[in-house]
Amino acid sequence: MAAPPARILIVDDDADMLRLLALRLSAAGYAVVAAESAEAALAQLDLVHPQLVLSDVRLPGRDGLALFNEVRARHPALPVILLTAHGNIPDAVEATARGVFTYLTKPYDGKELLGKVAQALALSAPCAPQAQANEDWRAGIVSRSSRMHDLLTEAYMVAQSDASVLLLGDSGSGKEMLARAIHRASPRARRPFVAVNCAAIPEALLESELFGHVKGAFTGAQGPSKGLFQAAEGGTLLLDEIGDMPPALQVKLLRVLQERALRPLGAVKSIPINVRIVSATHHDLESALATAQFREDLYYRLNVVTLVLPPLAERREDITLLANHFLDQLARKYDKRLSGFAPEALKALALAAWPGNVRQLYNVVEQVCALSTTPLVPLPLVQRALRTPSTPVLSLAQARQRFERDYLVGLLRMTDGNVTDAARLAQRNRTEFYRLLQRHALAPENFKNDPADDDTVAAGRQD
């Protein structure tokens, strides 16, 4: 299957220049998305997922440099090329020092433009050769979320190197699945992928499990045994829940990573190893560093590149997609004829809190699949499987109203109900501020002595 063309987002408020750029880049085989302002470009950014942004410096409202700053904040690996007039060259040079890939002066040379575009795309997320044409590497990762798209783009780029990767994310968010995807996308794909959960193996056995042992190394060691490092030789070793590794083993793991060799338990000689390390945890390792529960030198050995998996509640556009995907899989597993979820059931899934993330969603779908007696999974069955309250999704008007009321309450508490001081903090005149208070039925006199504080004191006395 032919690889899709690289997608370029071009930004210019000059319609003729925008059309000329689009024609030249399209003729060179690129897919082009055009925007006439920085705001329009940012709106397109997470929809079209470009591999390159090509922008004029002078734009109405937010200029090209401000656009670059926003792009860099959202997508650090996305290259940006700026087009600038001669008078703006100092700004462009400064922007290049801050991370802009390069700049071209107007009128630009067509061959130079295409050359710079090709160079930038070579360093960007690989969209053409094998990355998008063959997506077997990310098999099982089902998503339409822009956050997951960006994460997978970075994961594919990292996979091409041999850098150690630290995967962070809540339990059940899919860290091991992402680790397997990185392995499949790497040059080590034909070699073993081995996963070990550092929290699931007793401390007394973990050293032998990782590094192996020789005969007689301890009571019961009736013969030599290769550890998981040797089992993963040439491939990838996932150290899951690395935050739970005992301190004594952290020292030994650090030595193995530094020397690229290990000594099995009870052995005299070291054995060279060639293993790519991916580690994962749901713990806050930086807090563990502060309390000396995790070694700083080991942390920086493991954390060459960090990838953070978002919780399922922050990628709600994936919930119904995943639910239907799991239902299709599990219906085949249980040999049941299921056509899908009732609309109300899908809505309940989409609004659920999902503290257990993707793993919890899979378990819920498996339960309803096992118990469903109709082709269409009904709402009561989903509600029974969830056993958790749904998270209500507010309308935009409701969210604004709630924020405004909470903001006003906060100001009145800060000022002990002094409307003049509260209005000054809100940068509104007293008349307008009184109207806002009336809209939300807030009486300033109720905040003279904060009732919340009085209630708390009273409750404490009753206890």
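Quick caveat: nothing in here was measured; it's all calculated off a predicted structure. In this convention, every chain numbers its residues from 1, walking through the sequence in written order. Reporting in this predicted model follows two pLDDT cut-offs: at least 70 for local features of residues, and 80 or more for side-chain atom pairs to be given and counted; totals over whole chains, interfaces and linings ignore these cut-offs and use all residues. Processing note: side-chain calculations cover all non-hydrogen atoms of the structure and skip hydrogens and water entirely.

Participant: Which parts of the structure should I look at to understand the overall build of the protein?
Facilitator: Secondary structure elements are defined from DSSP: runs of H or I of at least 4 residues count as helices, runs of E of at least 2 residues count as strands, and each element is numbered from the N terminus. Tallying secondary structure elements over the protein gives 21 helices and 14 strands in all. Based on C-alpha atoms, the radius of gyration is set beside the globule rule, defined as 2.2 Å times the residue count to the power 0.38. The C-alpha radius of gyration of the protein comes to 28 Å, more than 25% above the 23 Å expected for a compact globule of 463 residues. When the backbone C-alpha atoms are referred to their principal axes, the protein occupies close to 85 × 80 × 55 Å. Exposure categories follow from relative accessible area, calculated using a 1.4 Å probe and restricted to protein chains: below 20% of the type maximum is buried, above 50% is exposed, and the middle band is partly exposed. The buried share of the protein, reckoned over its 463 residues, is 43%. Note on areas: Shrake-Rupley, 1.4 Å probe, and residue coverage restricted to the protein chains presented here. Carbon together with sulfur atoms contributes 52% to the accessible area of the protein, which is approximately 24,300 Å² in total. In this tally Asp and Glu are treated as negative and Lys and Arg as positive; neither His nor the chain ends contributes. By convention, charge coordinates are those of NZ in Lys, CZ in Arg, CG in Asp, or CD in Glu. Between the centroid of the 51 positive side chains of the protein and the centroid of its 51 negative side chains there is a distance of 6 Å.

Participant: What should I look at first to understand the pattern of salt bridges in this one?
Facilitator: Side chains that carry opposite charge are capable of pairing whenever their charged atoms lie near each other. For this analysis, a salt bridge means a side-chain nitrogen from Lys or Arg found within 4 Å of a carboxyl oxygen belonging to Asp or Glu. Here the structure, examined in full by the defined rule, presents 17 salt bridges. Aspartate 162 is paired through a salt bridge with arginine 188; the nearest N and O atoms lie 2.8 Å apart. Of this pair, aspartate 162 sits in the loop between helix 7 (146–159) and strand 6 (165–168) while arginine 188 is found in the loop between helix 8 (175–185) and strand 7 (193–197), placing the two residues 26 residues apart along the sequence. You can call arginine 188 buried: its relative accessible area is 9%. Beyond isolated ion pairs, a larger network of salt bridges with shared partners links Glu39, Arg62, Glu70 and Arg74.

Participant: Is there a simple way to explain the packing of aromatic side chains in this structure?
Facilitator: Working definition: an aromatic ring pair is given by the centre-to-centre distance plus the angle between the planes. Whether two aromatic rings pair depends on their centres lying within 6.5 Å, for rings of Phe, Tyr and Trp, where Trp uses its six-membered ring; planes under 30 degrees apart make the pair stacked, over 60 edge-to-face, and the rest tilted. Tallied over the full model, the rule gives five aromatic pairs. Taking 5.1 Å as the distance between ring centres and 65 degrees as the angle between the ring planes, the aromatic pair formed by tryptophan 137 and tyrosine 156 counts as edge-to-face. In this pair, tryptophan 137 is assigned in the loop between helix 6 (128–132) and helix 7 and tyrosine 156 in helix 7, connecting sequence segments 19 residues apart. Assessed through its relative accessible area of 8%, tryptophan 137 is described here as buried. We classify tyrosine 156 as buried; its relative accessible area is 9%. Judged by centre distance (5.1 Å) and plane angle (80 degrees), the rings of phenylalanine 326 and tyrosine 362 are edge-to-face.

Participant: How should I be thinking about the nonpolar core in this particular structure?
Facilitator: Across soluble globular proteins, you tend to see nonpolar side chains buried next to one another. We call a set of buried residues a nonpolar core when its members are Ala, Val, Leu, Ile, Met, Phe, Trp, Tyr or Cys and they connect through side-chain atoms within 4.5 Å of each other. Phe229, Leu237, Leu239 and Ile242 are the most contacted members of the largest nonpolar core, which totals 29 residues. Elements with a contribution of two residues or more to this core: strand 7, helix 9 (203–211), helix 10 (228–231), strand 8 (236–240), helix 11 (247–259), helix 12 (285–290) and helix 13 (296–302). Broken down by element, the residue count for this core peaks at five residues, all from helix 11. When near neighbours in sequence (up to four residues on either side) are disregarded, leucine 239 contacts Val196, Cys198, Leu210, Leu253, Ile277, Val278, Ser279 and Ala280. Membership of the second largest hydrophobic core comes to 28 residues, among which are Ile319, Phe326, Phe341 and Val358. Residue contacts are defined here by distance: any two heavy atoms, one from each residue, within 4.5 Å place the two residues in contact.

Participant: Sorry if this is basic, but what is going on with the packing of helix 2 (residues 38–48) against helix 3 (residues 64–74) here?
Facilitator: Geometry of a packed helix pair, given as the angle between the helix axes and the separation of the axes. Axes, fitted as lines to C-alpha atoms, cover a helix only where it is in contact. Angles between the N-to-C directions of the axes lie from 0 to 180 degrees. Across the interface, helix 2 lies against helix 3 with an axial gap of 10 Å and an inter-helix angle of 15 degrees. Compared by their axis directions, helix 2 and helix 3 come out roughly parallel. Along this stretch, helix 2 crosses helix 3, giving a crossing that reads as right-handed. Contacts between helix 2 and helix 3 involve Ala38, Ala41, Leu42, Leu45 and Asp46 from the former and Leu67, Glu70, Val71 and Arg74 from the latter. Orientation is classified from the angle alone, with under 35 degrees giving roughly parallel, over 145 giving roughly antiparallel, 65 to 115 giving roughly perpendicular, and any other angle giving oblique. In this scheme the crossing of two helices becomes right-handed for a clockwise turn of the near helix relative to the far one and left-handed for an anticlockwise turn of less than a right angle.

Participant: Mind showing me how you'd approach helix 11 here?
Facilitator: Helical geometry: 3.6 residues make up each α-helical turn, so side chains three or four residues apart lie on a common side. Compared with the 18 Å implied by 1.5 Å per residue over 13 residues, the 19 Å span of helix 11 between its first and last C-alpha is a close match. Where helix 11 is concerned, the buried positions are Leu249, Gln250, Leu253, Leu254, Val256 and Leu257. Buried positions in helix 11, seen along its axis, are confined to an arc of 165 degrees and lie on one side of it. Of the exposed residues in helix 11, the ones pointing more than 90 degrees away from its buried face are Ala248 and Arg255. Taken from the residues just after helix 11, arginine 260 is the one with a positive phi, measuring 55 degrees. By this rule, a helix spans an expected 1.5 Å times one less than how many residues it contains. By arc we mean the arc of the directions from the helix axis to the C-beta atoms, nothing more.

Participant: Mind showing me how you'd approach the sheet that holds strand 2 (residues 31–35) here?
Facilitator: Adjacent strands of a sheet pair through backbone hydrogen bonds, lying either parallel or antiparallel. For two strands to be treated as a pair, DSSP must find no fewer than two bridges joining them. Within the open sheet, the five strands sit side by side as 2-1-3-4-5. Their pairing is parallel. Strand pairing shows two members of the sheet lacking a second neighbour, strand 2 and strand 5 (102–105), which therefore form its edges. Shown here is a sheet whose adjacent strand axes are inclined to one another by a mean of 20 degrees, direction ignored. Across four bridges, strand 1 (residues 7–11) lies against strand 3 (residues 52–56) in parallel orientation. Among the inter-strand pairings, leucine 9 is bridged to a residue of strand 3, identified as valine 53. Against the sheet, helix 3 contacts strand 1, strand 3 and strand 4 (80–84), and its axis sits at roughly 175 degrees relative to strand 4.

Participant: What's the story with the confidence of the model for the protein in this structure? I'm lost.
Facilitator: In low-pLDDT segments, the atomic positions of the prediction should not be examined closely. On average, residues of the protein carry a pLDDT of 86, and 90% of them reach 70 or more. Put simply, helix 21 (residues 451–462) is where the protein has its lowest mean pLDDT, 38, and strand 8 is where it has its highest, 97. Residue-level confidence of the predictor is summarised by pLDDT, bounded by 0 at the bottom and 100 at the top. Low pLDDT, under 50, characterises residues 127–133; the stretch is placed with 18 contacts to residues that sit more than four places away or in other chains. Of the regions scoring below 50 in pLDDT, residues 450–463 engages in four contacts with residues more than four places distant in sequence or in other chains.

Participant: What exactly am I supposed to notice about helix 19 (residues 419–426) here?
Facilitator: Buried within helix 19 are the following residues: Val419, Ala422, Ala423 and Ala426. Projected down its long axis, helix 19 shows its buried positions confined to an angular sector of 100 degrees, all on one face. The inward-facing, buried residues of helix 19 abut helix 18 (396–414) and helix 20 (430–439). Glutamine 427 lies just past helix 19 and shows a positive phi near 60 degrees.

Participant: Honestly, the sheet that holds strand 8 in this entry has me stumped. Any pointers?
Facilitator: One open sheet accounts for five strands, arranged 7-8-11-6-12; its pairing is parallel. In this open sheet, the two strands that pair with only one neighbour each are strand 7 and strand 12 (305–308). Between one strand and the next, the sheet's axes are offset by a mean angle of 20 degrees, whatever the strand orientation. As judged from the five bridges shared by strand 8 and strand 11 (residues 276–281), these two strands associate in the parallel manner.

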